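Observations on chain architecture
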Amino acid sequence: MESIQRLTHRFFPLTYTGKCLNTISRTPLLIRPVSGPQQPVFIAPRRGHRSGLAARAGWFLGKGERKNALPDIVKAGDPVLHEPAQEVGPEEIGSERIQKIIDDMVKVMRKAPGVGLAAPQIGIPLRIIVLEDTREYISYASKQETTAQERRPFDLLVMINPKLKKKGNKTAFFFEGCLSVDGFRAVVERHLEVEVTGFDRNGQEIKVDASGWQARIFQHECDHLDGTLYVDKMVPRTFRTVDNLDLPLALGCPKLGVRQS
Ligand SMILES: [Zn+2]
(Lines give C-alpha, C1' and ligand atoms only; values in the text may rest on other atoms or scores of the structure.)
Protein backbone atom coordinates (compact mmCIF):
# COMPACT_ATOMS: atom_id res chain seq x y z
CA MET A 1 0.00 0.00 0.00
CA GLU A 2 1.10 3.53 -0.69
CA SER A 3 2.62 5.62 2.01
CA ILE A 4 2.17 9.18 3.04
CA GLN A 5 5.49 10.61 2.00
CA ARG A 6 4.38 10.34 -1.59
CA LEU A 7 2.32 13.43 -0.98
CA THR A 8 5.20 15.37 0.47
CA HIS A 9 7.18 14.60 -2.67
CA ARG A 10 4.61 16.46 -4.63
CA PHE A 11 5.19 19.59 -2.63
CA PHE A 12 8.94 19.31 -2.36
CA PRO A 13 10.06 17.18 -5.26
CA LEU A 14 13.74 18.03 -4.96
CA THR A 15 14.27 19.00 -1.37
CA TYR A 16 12.41 16.44 0.69
CA THR A 17 14.03 15.80 4.04
CA GLY A 18 12.80 15.10 7.50
CA LYS A 19 13.15 18.79 8.18
CA CYS A 20 10.89 19.61 5.26
CA LEU A 21 8.34 17.17 6.52
CA ASN A 22 8.29 18.83 9.91
CA THR A 23 7.66 22.10 8.17
CA ILE A 24 4.75 20.58 6.33
CA SER A 25 3.28 19.20 9.51
CA ARG A 26 3.08 22.66 10.98
CA THR A 27 1.49 24.14 7.89
CA PRO A 28 -2.29 23.92 8.08
CA LEU A 29 -2.83 24.24 4.36
CA LEU A 30 -0.53 21.37 3.61
CA ILE A 31 -1.34 19.17 6.53
CA ARG A 32 -4.81 18.32 5.30
CA PRO A 33 -3.77 15.78 2.68
CA VAL A 34 -0.92 14.55 4.83
CA SER A 35 -3.12 13.87 7.83
CA GLY A 36 -6.02 12.34 5.94
CA PRO A 37 -7.22 8.78 6.33
CA GLN A 38 -4.76 7.58 3.76
CA GLN A 39 -2.45 4.71 4.29
CA PRO A 40 0.46 3.14 2.64
CA VAL A 41 -0.37 1.76 -0.70
CA PHE A 42 0.85 -1.34 -2.40
CA ILE A 43 3.46 -1.20 -5.09
CA ALA A 44 4.57 -3.03 -8.18
CA PRO A 45 7.55 -3.04 -10.58
CA ARG A 46 7.41 -3.62 -14.30
CA ARG A 47 7.13 -7.00 -15.95
CA GLY A 48 10.59 -8.40 -16.03
CA HIS A 49 12.53 -5.27 -15.67
CA ARG A 50 13.11 -2.03 -17.48
CA SER A 51 11.11 -1.32 -20.59
CA GLY A 52 12.96 -1.07 -23.87
CA LEU A 53 12.35 2.67 -23.88
CA ALA A 54 13.82 3.13 -20.44
CA ALA A 55 16.77 0.93 -21.32
CA ARG A 56 17.40 2.96 -24.46
CA ALA A 57 17.18 6.17 -22.45
CA GLY A 58 19.78 4.77 -20.05
CA TRP A 59 22.05 3.96 -22.93
CA PHE A 60 21.52 7.41 -24.43
CA LEU A 61 22.46 8.98 -21.13
CA GLY A 62 25.64 6.98 -21.05
CA LYS A 63 24.53 4.75 -18.24
CA GLY A 64 24.90 1.55 -20.22
CA GLU A 65 23.09 -1.54 -18.97
CA ARG A 66 21.16 -0.68 -15.87
CA LYS A 67 21.83 -3.97 -14.19
CA ASN A 68 21.10 -2.59 -10.77
CA ALA A 69 18.03 -0.61 -11.77
CA LEU A 70 14.97 -1.44 -9.73
CA PRO A 71 11.88 -2.72 -11.49
CA ASP A 72 9.11 -0.22 -12.11
CA ILE A 73 5.73 -0.48 -10.46
CA VAL A 74 3.14 -2.11 -12.68
CA LYS A 75 -0.03 -0.05 -13.00
CA ALA A 76 -3.66 -1.16 -13.17
CA GLY A 77 -4.58 -2.51 -16.55
CA ASP A 78 -1.47 -4.64 -16.96
CA PRO A 79 -2.68 -8.25 -17.21
CA VAL A 80 -0.16 -9.39 -14.59
CA LEU A 81 -2.22 -7.55 -11.98
CA HIS A 82 -5.45 -9.23 -12.97
CA GLU A 83 -4.39 -12.86 -13.11
CA PRO A 84 -3.62 -15.39 -10.36
CA ALA A 85 0.07 -15.71 -9.52
CA GLN A 86 1.90 -19.04 -9.39
CA GLU A 87 3.27 -20.73 -6.29
CA VAL A 88 7.02 -20.82 -5.78
CA GLY A 89 8.40 -24.37 -5.59
CA PRO A 90 9.88 -24.90 -2.11
CA GLU A 91 13.15 -26.06 -3.72
CA GLU A 92 13.34 -22.75 -5.61
CA ILE A 93 13.12 -20.47 -2.59
CA GLY A 94 16.86 -20.45 -1.96
CA SER A 95 17.72 -19.83 -5.61
CA GLU A 96 19.52 -16.71 -6.71
CA ARG A 97 16.54 -15.74 -8.86
CA ILE A 98 13.97 -15.84 -6.06
CA GLN A 99 16.30 -14.15 -3.58
CA LYS A 100 16.92 -11.36 -6.10
CA ILE A 101 13.18 -10.92 -6.64
CA ILE A 102 12.68 -10.60 -2.88
CA ASP A 103 15.54 -8.10 -2.57
CA ASP A 104 14.09 -6.04 -5.41
CA MET A 105 10.62 -6.11 -3.86
CA VAL A 106 11.89 -4.84 -0.53
CA LYS A 107 13.84 -2.06 -2.21
CA VAL A 108 10.90 -1.02 -4.39
CA MET A 109 8.52 -1.05 -1.42
CA ARG A 110 10.85 1.14 0.65
CA LYS A 111 11.61 3.48 -2.20
CA ALA A 112 7.95 4.14 -3.01
CA PRO A 113 7.48 4.18 0.00
CA GLY A 114 4.85 1.61 0.76
CA VAL A 115 3.94 -0.78 3.54
CA GLY A 116 3.38 -3.76 1.29
CA LEU A 117 4.17 -5.14 -2.12
CA ALA A 118 3.22 -8.26 -4.06
CA ALA A 119 5.46 -9.76 -6.75
CA PRO A 120 2.90 -9.19 -9.56
CA GLN A 121 3.29 -5.48 -8.83
CA ILE A 122 6.82 -5.70 -10.19
CA GLY A 123 5.57 -7.74 -13.10
CA ILE A 124 6.46 -11.13 -11.63
CA PRO A 125 3.53 -13.56 -11.42
CA LEU A 126 4.73 -15.40 -8.32
CA ARG A 127 3.13 -15.73 -4.89
CA ILE A 128 5.53 -13.59 -2.89
CA ILE A 129 4.63 -10.62 -0.69
CA VAL A 130 6.65 -8.27 1.49
CA LEU A 131 5.31 -5.90 4.12
CA GLU A 132 6.64 -3.54 6.74
CA ASP A 133 5.32 -0.61 8.72
CA THR A 134 7.55 1.75 10.67
CA ARG A 135 7.27 4.26 13.48
CA GLU A 136 8.31 6.91 10.99
CA TYR A 137 5.52 6.14 8.52
CA ILE A 138 2.99 5.95 11.31
CA SER A 139 4.14 9.27 12.73
CA TYR A 140 2.88 11.04 9.59
CA ALA A 141 -0.71 10.15 10.38
CA SER A 142 -2.69 11.51 13.30
CA LYS A 143 -2.73 9.62 16.57
CA GLN A 144 -6.53 9.49 16.39
CA GLU A 145 -6.39 7.91 12.97
CA THR A 146 -3.73 5.32 13.73
CA THR A 147 -5.48 4.36 16.95
CA ALA A 148 -8.76 3.81 15.11
CA GLN A 149 -6.95 1.72 12.51
CA GLU A 150 -5.06 -0.30 15.13
CA ARG A 151 -1.91 0.58 13.26
CA ARG A 152 1.32 -0.50 14.92
CA PRO A 153 4.88 -0.79 13.57
CA PHE A 154 6.22 -4.19 12.63
CA ASP A 155 9.47 -5.45 11.17
CA LEU A 156 9.91 -6.53 7.57
CA LEU A 157 7.99 -9.67 6.70
CA VAL A 158 8.66 -11.74 3.60
CA MET A 159 6.03 -14.35 2.90
CA ILE A 160 6.17 -16.91 0.09
CA ASN A 161 3.06 -18.87 -0.95
CA PRO A 162 0.98 -17.21 1.79
CA LYS A 163 -2.33 -18.77 2.80
CA LEU A 164 -4.64 -16.30 4.49
CA LYS A 165 -7.44 -17.30 6.80
CA LYS A 166 -9.92 -14.67 8.03
CA LYS A 167 -10.67 -14.98 11.72
CA GLY A 168 -13.80 -13.96 13.55
CA ASN A 169 -16.47 -11.83 11.94
CA LYS A 170 -15.30 -8.35 12.87
CA THR A 171 -14.59 -6.07 9.94
CA ALA A 172 -13.73 -2.40 9.49
CA PHE A 173 -14.10 0.24 6.79
CA PHE A 174 -11.09 2.43 6.04
CA PHE A 175 -9.57 4.17 3.04
CA GLU A 176 -6.72 2.37 1.39
CA GLY A 177 -4.68 2.89 -1.72
CA CYS A 178 -2.42 0.95 -4.02
CA LEU A 179 0.80 1.94 -5.74
CA SER A 180 -0.59 0.26 -8.84
CA VAL A 181 -3.56 2.64 -8.74
CA ASP A 182 -1.54 5.74 -8.13
CA GLY A 183 -3.22 8.88 -6.83
CA PHE A 184 -6.53 7.39 -5.71
CA ARG A 185 -8.10 6.01 -2.56
CA ALA A 186 -11.30 4.19 -1.67
CA VAL A 187 -12.93 2.66 1.36
CA VAL A 188 -12.55 -1.11 1.59
CA GLU A 189 -14.09 -3.41 4.17
CA ARG A 190 -11.49 -5.78 5.63
CA HIS A 191 -11.40 -8.35 8.39
CA LEU A 192 -9.78 -7.20 11.61
CA GLU A 193 -8.01 -10.46 12.30
CA VAL A 194 -6.33 -12.93 9.97
CA GLU A 195 -3.94 -15.84 10.22
CA VAL A 196 -1.35 -16.15 7.49
CA THR A 197 0.90 -19.14 6.94
CA GLY A 198 3.64 -19.59 4.37
CA PHE A 199 7.40 -19.71 3.97
CA ASP A 200 10.00 -17.11 4.83
CA ARG A 201 12.90 -16.33 2.51
CA ASN A 202 14.93 -19.14 4.05
CA GLY A 203 12.26 -21.67 3.21
CA GLN A 204 11.14 -22.02 6.81
CA GLU A 205 7.42 -22.34 7.52
CA ILE A 206 6.03 -19.33 9.32
CA LYS A 207 2.68 -18.29 10.74
CA VAL A 208 1.59 -14.75 11.55
CA ASP A 209 -1.50 -13.82 13.53
CA ALA A 210 -2.26 -10.32 12.35
CA SER A 211 -4.80 -7.79 13.51
CA GLY A 212 -5.76 -4.23 12.74
CA TRP A 213 -3.79 -2.46 10.01
CA GLN A 214 -1.31 -5.28 9.57
CA ALA A 215 -4.24 -7.61 8.86
CA ARG A 216 -5.46 -5.12 6.26
CA ILE A 217 -2.06 -5.04 4.55
CA PHE A 218 -1.95 -8.84 4.45
CA GLN A 219 -5.41 -8.99 2.90
CA HIS A 220 -4.55 -6.35 0.31
CA GLU A 221 -1.29 -8.07 -0.66
CA CYS A 222 -2.75 -11.57 -0.77
CA ASP A 223 -5.54 -10.23 -2.99
CA HIS A 224 -2.85 -9.16 -5.46
CA LEU A 225 -1.74 -12.78 -5.71
CA ASP A 226 -5.24 -13.72 -6.82
CA GLY A 227 -5.36 -10.96 -9.42
CA THR A 228 -7.60 -8.76 -7.29
CA LEU A 229 -7.09 -5.03 -6.76
CA TYR A 230 -8.74 -3.04 -4.01
CA VAL A 231 -10.92 -1.36 -6.63
CA ASP A 232 -12.53 -4.75 -7.19
CA LYS A 233 -13.68 -4.73 -3.54
CA MET A 234 -14.10 -1.06 -2.68
CA VAL A 235 -17.25 0.75 -1.72
CA PRO A 236 -17.63 2.32 -5.19
CA ARG A 237 -19.00 5.71 -4.15
CA THR A 238 -16.00 6.34 -1.89
CA PHE A 239 -13.49 6.24 -4.77
CA ARG A 240 -11.65 9.56 -5.00
CA THR A 241 -8.40 11.31 -5.72
CA VAL A 242 -5.88 11.70 -2.92
CA ASP A 243 -6.53 15.45 -2.91
CA ASN A 244 -10.17 14.80 -2.06
CA LEU A 245 -9.42 12.29 0.66
CA ASP A 246 -10.80 14.35 3.53
CA LEU A 247 -13.98 15.49 1.83
CA PRO A 248 -17.22 14.06 3.26
CA LEU A 249 -18.39 10.65 2.16
CA ALA A 250 -21.38 10.51 -0.16
CA LEU A 251 -24.79 9.69 1.26
CA GLY A 252 -25.27 6.01 1.85
CA CYS A 253 -21.58 5.24 2.36
CA PRO A 254 -20.61 3.27 5.47
CA LYS A 255 -19.04 5.15 8.36
CA LEU A 256 -15.29 4.67 8.73
CA GLY A 257 -14.25 2.33 11.51
CA VAL A 258 -15.36 -1.03 12.83
CA ARG A 259 -18.56 -2.24 11.22
CA GLN A 260 -21.48 -1.74 13.53
CA SER A 261 -24.07 -4.41 12.91
ZN1 LIG B 1 -1.84 -2.87 -4.06
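Reading guide: rules and limits
Residues numbered from 1 in each chain as written. Predicted model: local features only at pLDDT ≥ 70, side-chain atom pairs only at ≥ 80, totals over all residues. Heavy atoms only, no water. UniProt positions renumbered as here; feature names shortened; annotations may be inferred. Donors = N, O, S within 2.8 Å, 3.2 Å for Na, K, Ca; no water. Helix = DSSP H or I, 4+ residues; strand = E, 2+ residues; numbered from the N terminus. Buried < 20%, exposed > 50% of the residue type's maximum accessible area, 1.4 Å probe, protein only. Core = buried A, V, L, I, M, F, W, Y, C linked by side-chain atoms within 4.5 Å. Contact = heavy atoms within 4.5 Å.

By the naming in an unreviewed UniProt entry, the protein is Peptide deformylase, taken from Sesamum indicum. Entered under Subcellular location (unreviewed entry) in the UniProt record, the comment concerning the protein runs "Plastid, Chloroplast".

Around the zinc ion, the protein supplies C178 (SG), H220 (NE2) and H224 (NE2) as donor atoms, at distances of 2.0 to 2.2 Å. Mapping the donors of the zinc ion onto the primary sequence gives the spacing C-x41-H-x3-H. Placement of the pair is C178 in strand β4 (residues 154-178) and H224 in helix α8 (residues 212-225), with a sequence separation of 46 residues. Of the two residues, C178 and H224, neither departs from the other in class, the shared state being buried.

If you look at the biggest cluster of nonpolar residues, it comprises 23 residues, and the most contacted ones within it are I129, L131, I217 and F218. Of all elements in the fold, only β3 (128-133), β4, β5 (184-199), β6 (205-211) and α8 reach the threshold of two or more residues within this core. Residue contributions to this core peak at six residues, all from α8. Apart from the residues lying within four places of it in its own chain, the contact partners of L131 are M109, V115, G116, F154, D155, L156, L157, Q214, I217 and F218. Counting 19 residues, the second largest nonpolar core, distinct from the first, contains I101, V108, I122 and I124.

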